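Spelled out from the first residue to the last, the chains are:
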Amino acid sequence: MAETSETTGPGELGDQRRASTWRHIGPGIVVAATGVGAGDLVATLIAGSKFGYTLMWAAVIGCLVKISLAEAVGRWHLATGRTLFDGWRTLGGWTTGYFAVYVVIWGFVYGATAMSSSALPLVALFPDGPGLKTWAIITGLTGLVFVWFNRYAVFEKVMTVLVGVMFVVVVYVAIRVAPDMGAAFAGLLPVLPDGSLVYTLGLIGGVGGTITMAAYGYWVNAKGWSGTSWMKVMRIDNRVAYITTGIFVVAMLIVGAELLHSSQIALTKGDQGLVDLGKVLDDRFGTATAKLFLIGFFAASFSSLIGVWHGVSLMFADFVQRFRAGRAAPGEETAGDGTVRGQERSMPFRAYLLWLTFPPMTLLWLDEPFGLVIGYGVLGAFFMPFLALTLLWLLNSDRTPREWRNGWLSNGMLGSAGLLFVVLCVQQVRELPW
């Protein structure tokens, strides 16, 4: 023991522990990358183009909200040894009904949206290649094959590479447009310009906020983290991920403020707006920068696609497992130990993968049915309030061990997030094409 202490001092041991912790980081990067898609990038760009740096503070608050939500999801999984859906089931049968309807409709419409978003930058990068529908099908099938044949470890590595590409590209473009640092720091002071409320709420609640936040705990389990001994690692992982996302969002705001706001350039709504930005970058900085941005755009879109293909399929597999367990006769053998390891090869996991890929391809040719659009919009708007408020319920009850229940800070953040998402929900429902 004496020799060990001489060759490895207390400081070195601390360094080794920190290095070991950093090596474990991964699920947070996956959930953050999955939650930030093309639509979020456009919304952030438009906020920057309309209001310059004024709403920078909203992006920072949004980052803190996501950290608190993801930490709550991860804490539930590690402290209780149960999955999030298992927790929802204890709140009543209404959660099962809601999730069943939501996951079917949402997956059908999102599948087409994700494939189209990933195809757009490829069409712009290869104008003489296949058309949008063909590229969309190629990206969907690529995502299917990748997730079908690879387990979480490979999936995480690929997601980390995609995050690195999108992060480096967007930060590089933000530096190229020469940000006004004085105005950027001034934007950290909370100010609400006329007509900015919807954009402010969107920046706080929308960027990186989808059903994939609920998938964080499933990725934590897939990583092999189990029990409260992993709590510190999970919290570091979560903070690193969403601070990275915060920098990413700030960079997009800078691009919108400097490149679009100052020039009074308007973007097309929807994912096509990123293609428009590629053209603006081409005119201002040349073809190389424009193509680099389109590569970053593809990385953001495709990381969301494979993230949903993997994460929401895990949630669906757990949903089926818990549903079967609930229907089992007394004494009948049921699967499930509260974790999700091994479900990547299960029939429900692969069935949902197929549901995300093939039925949505029909929407690439057909206009989305009116009723489906409304149903998708309503269910999607209600999911984030559902997540925030049920977490508040679960983590303040005896379902969670006392030492891991919410403190005042967690309750304040989750309560504020719940109220915010309710307001956003009302706003989204009002904007639907009734």
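Residues numbered from 1 in each chain as written. Predicted model: local features only at pLDDT ≥ 70, side-chain atom pairs only at ≥ 80, totals over all residues. Heavy atoms only, no water.

## Some details on the pattern of salt bridges
Point 1. All chains considered together, the criterion is met by five salt bridges.
Point 2. A salt bridge links R75 to E71; its shortest N-O distance comes to 2.9 Å. In this pair, R75 and E71 are both assigned in helix α5 (residues 56-80), four residues apart and thus about one turn of the helix distant. An identical accessibility class is assigned to R75 and E71; each is buried.
Point 3. The partner of D86 in a salt bridge is R82, and the shortest N-O contact between them spans 3.4 Å.
Point 4. According to the relative accessible area criterion, D86 is buried, its value standing at 13%.
Point 5. Several salt bridges share partner residues, and in doing so they unite E71, R75 and R235 into one network. (Salt bridge = Lys/Arg side-chain N within 4 Å of Asp/Glu carboxyl O. Helix = DSSP H or I, 4+ residues; strand = E, 2+ residues; numbered from the N terminus. Buried < 20%, exposed > 50% of the residue type's maximum accessible area, 1.4 Å probe, protein only.)

## Focus on helix α16 (residues 347-357)
Point 1. Buried residues of α16: P348, F349, Y352, L353, L356 and T357, and no others.
Point 2. A side-chain oxygen of the first residue of α16 lies 3.3 Å from the backbone nitrogen of F349; this N-cap is S346. (Polar contact = N/O pair within 3.5 Å; in protein donor to acceptor, adjacent residues only side chain to side chain.)

## Regarding the layout of surface pockets
Remark: the empty space left among the atoms is shown by a probe the size of a water molecule rolled over them.
Point 1. If you add up the space inside the second largest pocket, you get close to 240 Å³.
Point 2. Surrounding the second largest pocket, 16 residues form its lining, S68, E71, L409, S410 and M413 being those nearest its centre.
Point 3. Within the residue set of the lining of the second largest pocket, elements represented by two or more residues are α5, α13 (231-261) and α18 (408-430).
Point 4. If you tally residues by element for the lining of the second largest pocket, the top one is α5, at six residues.
Point 5. Of the residues assigned to the lining of the second largest pocket, the class counts are seven nonpolar, three polar and six charged. (1 Å grid on protein atoms, 1.4 Å probe; cavity = no way out; pocket = protein on both sides within 12 Å on 5 of 7 lines; lining within 4 Å. Points joined across faces, edges and corners; volume = space filled by probe spheres on them. Nonpolar A, V, L, I, M, F, W, Y, C, P; charged D, E, K, R; others polar.)

## Here's the deal with the nonpolar core
Point 1. Within the largest apolar cluster, 137 residues are counted, with the highest numbers of intra-cluster contacts made by L84, W88, W309, F383 and L387.
Point 2. Of the residues forming this core, the biggest block, 18 residues, is contributed by helix α15 (residues 287-327).
Point 3. Among residues more than four places away in sequence, those in contact with F383 are W88, Y98, Y102, T210, I211 and A214. (Core = buried A, V, L, I, M, F, W, Y, C linked by side-chain atoms within 4.5 Å. Contact = heavy atoms within 4.5 Å.)

## Details of unusual backbone geometry
Point 1. Of note, the phi angle at A178 is positive, near 55°, even though the residue is not glycine.
Point 2. Counting through the fold element by element, A178 comes out in the loop between α9 (152-176) and α10 (181-186).
Point 3. We classify A178 as exposed; its relative accessible area is 53%.

## Regarding the side chain of T34
Point 1. Residue position: T34 is located in helix α3 (residues 27-35).
Point 2. In this structure T34 comes out as buried when scored by relative accessible area, which is 4%.
Point 3. For T34, the residues in contact, after removing those within four places along its chain, are M159, T212, W219, S303, S304, G307 and V308.

## Quick look at α9
Along an α-helix, a turn takes 3.6 residues, which lines up residues three or four apart on a common side.
Point 1. End to end, α9 covers 36 Å across 25 residues, agreeing with the expected 36 Å (1.5 Å per residue, within 8%).
Point 2. The set of residues buried in α9 consists of Y152, F155, E156, M159, L162, V163, M166, V169, V170, V173 and A174.
Point 3. Phi for A178, located one or two positions after α9, is positive at around 55°. (Expected span 1.5 Å × (residues − 1).)

## With respect to the environment of W57
Point 1. Looking at the secondary structure, you find W57 in helix α5.
Point 2. On the basis of relative accessibility, which here comes to 11%, the residue W57 falls in the buried class.
Point 3. A C-alpha to C-alpha distance of 4.2 Å links W57 and L188, two positions 131 residues apart in sequence.
Point 4. Discounting chain neighbours no more than four positions away, the residues touching W57 are G187, L188, L189, P190, V191, L192, T200 and I204.
Point 5. Here V191 takes part through its backbone oxygen, which lies 3.1 Å from a polar atom of the side chain of W57.

## Observations concerning the packing of aromatic side chains
Point 1. Taken as a whole and assessed by the stated rule, the structure comprises 23 aromatic pairs.
Point 2. Note on F85 and F319: the rings are 5.0 Å apart at their centroids and 80° apart in plane angle, and the pair reads as edge-to-face. Of this pair, F85 sits in helix α6 (residues 84-89) while F319 sits in helix α15, placing them 234 residues apart in sequence.
Point 3. With a centroid separation of 5.9 Å and an interplanar angle of 45°, the aromatic rings of F383 and F386 are classed as tilted. (Phe/Tyr/Trp six-rings, centres within 6.5 Å; stacked < 30°, edge-to-face > 60°.)

## Focus: a nonpolar patch on the surface
Point 1. A cluster of nonpolar side chains, contributed by V60, L64, M181, F185 and L188, occupies part of the molecular surface with about 460 Å² of accessible area.
Point 2. Within the residue set of the nonpolar patch, elements represented by two or more residues are α5 and α10.
Point 3. Within the secondary structure layout, L188 lies in the loop between α10 and α11 (197-205). (Patch = residues over 30% accessible without salt bridge, like charges linked within 9 Å, V, L, I, M, F, W, Y side chains within 5 Å. Areas by Shrake-Rupley, 256 points an atom, 1.4 Å probe, with all protein chains shown as cover.)

## Some details on the environment of L189
Point 1. Position of L189 among the secondary structure elements: in the loop between α10 and α11.
Point 2. Of the residues examined, L189 reaches a relative accessible area of 57% and is grouped as exposed.
Point 3. For the pair L189 and T54, spaced 135 residues apart in sequence, the C-alpha to C-alpha distance is 8.0 Å.
Point 4. When residues no more than four places from it in sequence are discounted, the contact partners of L189 are T54 and W57.

## Some details on the confidence of the model for the protein chain
Point 1. Overall, the predicted model of the protein chain reaches an average pLDDT of 82, with 83% of residues at or above 70.
Point 2. Predicted confidence in the protein chain is weakest over helix α1 (residues 2-7), with a mean pLDDT of 39, and strongest over α16, with 96.
Point 3. Note on residues 1-19: pLDDT is under 50 here. Beyond four places in sequence and across chains, it has four contacts.
Point 4. Note on residues 328-338: pLDDT under 50 across the span, and 11 contacts to partners over four residues away in sequence or across chains. (pLDDT = per-residue confidence, 0-100.)

## A look at the side chain of N238
Point 1. Within the secondary structure, N238 sits in helix α13.
Point 2. Looking at N238, the relative accessible area reads 1%, which means it is buried.
Point 3. A polar contact of 2.8 Å, which involves the side chain of N238, links it to the backbone oxygen of I67.
Point 4. Apart from residues no more than four positions distant in its own chain, N238 is found in contact with K66, I67, A70, E71 and Y216.

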